[in-house]
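Architecture and fold: a report
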Amino acid sequence: MHAIEKLLAEKSGRDTVHAGEIVNCSVDWAGINDLYYQTVKSFYEMGGKRVAAPERAILFFDHYAPCATEKQADNHKKFREFAREQGITHLMDINEGVCHQLMADYGFLKPGEIVVITDSHTTTHGAFGSFGTGVGATDLAIILATGKLWFKVPEVIRINLVGTLQNGVYAKDVILHIIGDLKADYGVYKAVEFTGPVVKKLSVSERMAMCNMTTEMGAKTSYIQPDDVTLAYLKEKNITDYKIYETDDDYEYAAELTYDVTDIGPQVAAPFSVDNVSPIEKFSGKRIQQAYLGSCTGGRTNDFMIAAKILKGKHIADGTRMILVPASKFVLRECIDKGYIQTLMDAGATLTAPGCAACLGIHQGLLAEGEACISSTNRNFPGRMGNVKAEIFLASPATVAASALNGTITNPQKYLEA
Amino acid sequence: MDAKVKGKAFTFGNNIDTDQIYPGKYVEYTEIEDIKKYAMSGSAQPDIVNKFAAGDIIVAGTNFGCGSSREHAAITLKAIGVGAILAESFARIFFRNAINLGIPAITCKGIHEMIHQGDEVEINFETGEIKNLTTGAAAKAEPLGDYMMNILQSGGVKPMIRRQLESK
């Protein structure tokens, strides 16, 4: 069996499971974000009275934090009431940040657990050897009511990464390249596992970015076998009770692919789909009006560090605005302490509250018709960040910073030479 | 769920994401009457709400419903009375959301070629037979499996869970 199968077997009380089977699993963490008051409605509509495991439920106010409309504020208010009534103490209010980052910051993630959140990018948690998957409101309500949810045991695709990353090339470039190659529906219903010497060297932050983006190839979940990097995270967070599953040697993957990252340079996903990926040269010089550094994909401390390195002592181009959205309050504080925020503000950037902000076109940096944005986020669908005729180019945080500097899409490599 | 549905086809391409089905800026709405106004409003047919009749059918290419987990995408299509959604393939979360709400989300290879905008389509859920009544073409849907069929026949997952909770 695969490690993921062993995990699902344990959580469904079986000895073995195999791909294609439907299993009913106990869920370790049930996260609801503030877009989905429907979860509470569904909970009551299905006859729910008390949340089965309130200590294992978390409410995240990230997409609307802080609220831009009365309706959003009303939803938050009703969520707070629900939390109070049901004894849910993990309420991440508007001062906290994006759900996926907080799961890591608070040390909630550990290998061998099932994490279900009403957010498609819950695949992020494969970076920790967790089974993370996104669901809709009603599925999450089922977990609230029963503590369990059904899953189809996924086939697993193995992506082996070999070679050496070029200077100025990051996990985001690699995963964009892979999505461009395999396309947006390659991984539908499947799990994507990353292996190989390149992965071993990636930080937790970079692993999260890569696993996060597997959603954009349709994956149900992602997986990185816990190793020394994972153990260092667990130690830092003082987590001692976890279970690491190992994949059997004779396990047969649905597909095994190898990418040599040595020749992958900075990548850009052009409008209007995430699999529309090219080497950056194709769009070099394209004028942008906004540069967006943030989100659960590209808004961690390391991302701000790289941007600060590129923009230190310089100023972003006239006619360009740069929006900073730290993924959580912990990231923001660390970036303040290390001086990155100061550096980026000196360079002309605008700081917003930790959260999802303009990533999904709700507030704090929407685009007008005809504008273009270079973004470290994960989606470039029509209308995703405002007007349906605005263009979003997805890239690494380094590319976002270098492009802000010049006001045009720019290869960041020359700014990062040692 | 009725054994058959008959309706007019509204066709869409590949990778129709949930921002096209239900744009993010309207996700704050929580009442059906509000949610139903914005069905497909981010797509190439933004005014579909005015033309759609109960029982009409959405036909799409691959990966329909990719992107956000927002259940609003399924809720809005149910609210305008979608009889079924036929696609070459579905994105995973949208598929779960649709089935949970009792919307037949039917996978059928070649369907996007076989059905054009405005064609009259009939689907037999018991046999899996899909007929294009306008052209006479026919196809067979991929079986949904017992688990999914059970949810659909229960009228969605909520009545199913309700029974489960009441029997405790």
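It should be noted that the structure appears before, not after, this text.
Procedures and definitions
Residues numbered from 1 in each chain as written. Chains lettered and ligands numbered in written order. Predicted model: local features only at pLDDT ≥ 70, side-chain atom pairs only at ≥ 80, totals over all residues. Heavy atoms only, no water. Buried < 20%, exposed > 50% of the residue type's maximum accessible area, 1.4 Å probe, protein only. Helix = DSSP H or I, 4+ residues; strand = E, 2+ residues; numbered from the N terminus. Pairing = 2+ DSSP bridges. Contact = heavy atoms within 4.5 Å. Buried area = accessible area lost by both parts, 1.4 Å probe. Salt bridge = Lys/Arg side-chain N within 4 Å of Asp/Glu carboxyl O. Polar contact = N/O pair within 3.5 Å; in protein donor to acceptor, adjacent residues only side chain to side chain. Nonpolar A, V, L, I, M, F, W, Y, C, P; charged D, E, K, R; others polar. Axes fitted to C-alpha atoms, helices over the stretch in contact; angles between N-to-C directions.

**Things to note about the pairing of strand β1 (residues 22-26) of chain A**
Residue and element names in this part refer to chain A. Here β1 shows one buried face, formed by Val-23 and Cys-25, and one open face, formed by Ile-22, Asn-24 and Ser-26. Inspection of the sheet shows β1 paired to strand β7 (residues 148-152) by five bridges, in the antiparallel sense. The partner of Cys-25 across the bridge, within β7, is Leu-149.

**Points about the interface of chain A and chain B**
On the side of chain B, 38 residues touch chain A, which itself brings 48 residues to the contact. Taking both sides of the interface into account, the surface hidden between chain A and chain B amounts to around 3600 Å²; carbon and sulfur atoms contribute 54%. When residues of chain A are sorted by the area they lose upon contact with chain B, Met-46, Trp-150 and Tyr-189 of chain A head the list and together hold 17% of the total. At the boundary of chain A and chain B, one finds four salt bridges. The closest approach of N and O atoms between Asp-19 of chain B and Arg-384 of chain A, which form a salt bridge, is 3.1 Å. At the junction of chain A and chain B, the tally comes to 24 residue pairs in polar contact (both at pLDDT 80 or more). Going through the elements one at a time, α2 (38-45), α3 (70-86), β6 (131-134), α5 (137-146) and β7 of chain A are the ones with two or more residues in the side of chain A that touches chain B. Tallying contributions element by element places α5 of chain A first for the side of chain A that touches chain B, with six residues. The residue inventory of the side of chain A that touches chain B, partitioned by class, reads 22 nonpolar, 15 polar and eleven charged.

**A short note on the sheet that holds β6 of chain A**
Residue and element names in this part refer to chain A. Read across the sheet, five strands follow the order β4-β3-β2-β5-β6 without closing on themselves; strand pairing throughout is parallel. In this open sheet, the two strands that pair with only one neighbour each are β4 (90-92) and β6. For this sheet the average axis-to-axis angle between neighbouring strands, irrespective of direction, equals 15°. In the sheet, strand β2 (residues 29-33) pairs with strand β3 (residues 57-60) via four bridges, with the strands oriented parallel.

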